[in-house]
Structure formats: structure tokens, C-alpha cells
Amino acid sequence: GMSEVMSRHTARFGGQQHGRSRLGHREAEEEEEEEQEQGKEEEETRSQEDEGLHGYSVLRILGRGNYGEICLATSPAPVRELCVLKAVASTKSSPSSHIEPLQEVSVLKRLHHPFIVKYIDSFIDDGILRIVMEYCDSGTLADRINEAIRKQQWLPERRILRWFVQLCMALSYLHRNHVLHRDIKPENVFMVENGSAGQSIKLGDFGFTRVLDHTQA
């Protein structure tokens, strides 16, 4: 009777639902497998890139210098600290093209000062000389100036004087070591957070630096 018809209808409907459920489960499994494969491929790609860059992993491009890209990166495992990778002239091009980049490396290696960007490492990858430097997390002096202009606000005099003194100390150190920077501008004065003392400056970008045999500076 009626109960038998309802029973058959319920069984058929339940079977259809079960079939759709199995189909949905199979699709979900296939999607999960595809995601896992994609994840493996991305991991292998990153691993190959890291191997090519001596273990450094590029996170994003910060800008472009005179000789190539400047990238935010992490140092090799297990440390994984933020740093800056600067690509400079190709060693495959004309013999004189990498003289200034090598000059920058030789200068940075021997500079140790709290208000100068710290040199970490350098290496050649596929004919490209790369310099690794500390990451200055608060932009540049040019950013601070442009920000003040945009907000139509004066920079506090005490802050300006503090940055000026820090820059003078960095230059004094350079001159004592017979080094001329030759490209001092707001874009090459980097900013770092310094706890309760606020932001401090670090002089960087030594691409146009000149080393003197002797100096009266």
C-alpha cells in the first residue's frame, strides 16, 4: 500500500543522495590531491631558488638600484632573519662593469658603525654579484620628509638634530677610514626603530664610494 510506495521512494531518494555524497567526497579528495601537488611544486621551486641564492629566500622586491633589483629576503636556515639582497653588475659583461660593485663590497666589509648599514655577506650567482645587508625596517629619510610634506607637518627640531648628529658621526667614521661616500641624499639615509629612543639613521648605498690612500678629512 501507501507505506510500501513511501518506502521505495525513500530508498530511491536515499540512494541518489548517497551517490551524490560519494561523488562530492571524490571531488573533494581530487581537489585536495591537486592542492598538495601544487604545494609540492611551489616548495620545490622555492628550494631551487634558495639553493641558487646560497640559501637566501626572496620575499619581495623593494626597489631597483643602479645595477639591479633590491630585494627583501630571509637568511639561510635555521636563522631566517630579514635582510636585503642587492643585485649588482654582471661579472659576465665588460671587464670594468663590476669594478664599482666590488668596490662597494670591499668597503662595506670593513665598516662597523652603529649608524652605517651593516654588511652581512656577498656572493656571485649566475654571473651576478649580490650583496647582503641588514634590513632597515622604517624606510628612508626621504620617506619621512615626504610624509611630513603630505601631512603638512613640521618634523620636530629635536628629532632632526638627533638624525643630523648621527649622520655626522657616520661621516666622521668614514673619513677617519679614508672613505668618501660621494652620494649622500635622503634616499640613501635609512631609518630603523630604536626602542624608546625612536628612529635612528643608518647611512647606506656605497655604490659611488671612493677610498683614498690618505685624507685630511
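Up top is the structure.
Model, not experiment: these values are computed from the prediction.

Just checking my understanding: could you explain a nonpolar patch on the surface for this structure?
On the surface, a cluster of nonpolar side chains totalling about 290 Å² of accessible area is made up of Phe 164, Val 165 and Met 169. Looking at where Val 165 falls in the secondary structure, it is placed in helix H4 (residues 157-176).

Help me out: how do you make sense of the nonpolar core in this one?
A general trend in soluble globular proteins is that nonpolar side chains are found buried together. Judged by nonpolar contacts, the single largest core of 28 residues is most densely connected at Leu 111, Ile 116, Ile 131, Leu 174, Ile 201, Leu 203 and Phe 206. With six residues, H4 is the largest single contributor of residues to this core. Setting aside residues up to four positions removed in sequence, Leu 174 forms contacts with Leu 111, Ile 116, Val 179, His 181, Leu 203 and Phe 206. Counting eight residues, the second largest nonpolar core, distinct from the first, contains Leu 53, Cys 71, Phe 123 and Val 132.

I tried to follow the packing of aromatic side chains on my own but got confused; where do I start?
Pairs of aromatic rings are described using the distance from one ring centre to the other and the angle between the two planes. Throughout the structure, instances matching the rule amount to one aromatic pair. A centroid spacing of 5.8 Å and a plane angle of 10° characterise the contact between Tyr 56 and Phe 123, whose relative ring orientation is stacked. Taken together, the residues Tyr 56 in the loop between helix H1 (2-52) and strand E1 (57-64) and Phe 123 in strand E4 (residues 119-125) connect sequence positions 67 residues apart. You can call Tyr 56 buried: its relative accessible area is 5%.

What counts, and at which threshold
- Residues numbered from 1 in each chain as written.
- Predicted model: local features only at pLDDT ≥ 70, side-chain atom pairs only at ≥ 80, totals over all residues.
- Heavy atoms only, no water.
- Patch = residues over 30% accessible without salt bridge, like charges linked within 9 Å, V, L, I, M, F, W, Y side chains within 5 Å.
- Areas by Shrake-Rupley, 256 points an atom, 1.4 Å probe, with all protein chains shown as cover.
- Salt bridge = Lys/Arg side-chain N within 4 Å of Asp/Glu carboxyl O.
- Helix = DSSP H or I, 4+ residues; strand = E, 2+ residues; numbered from the N terminus.
- Core = buried A, V, L, I, M, F, W, Y, C linked by side-chain atoms within 4.5 Å.
- Buried < 20%, exposed > 50% of the residue type's maximum accessible area, 1.4 Å probe, protein only.
- Contact = heavy atoms within 4.5 Å.
- Phe/Tyr/Trp six-rings, centres within 6.5 Å; stacked < 30°, edge-to-face > 60°.

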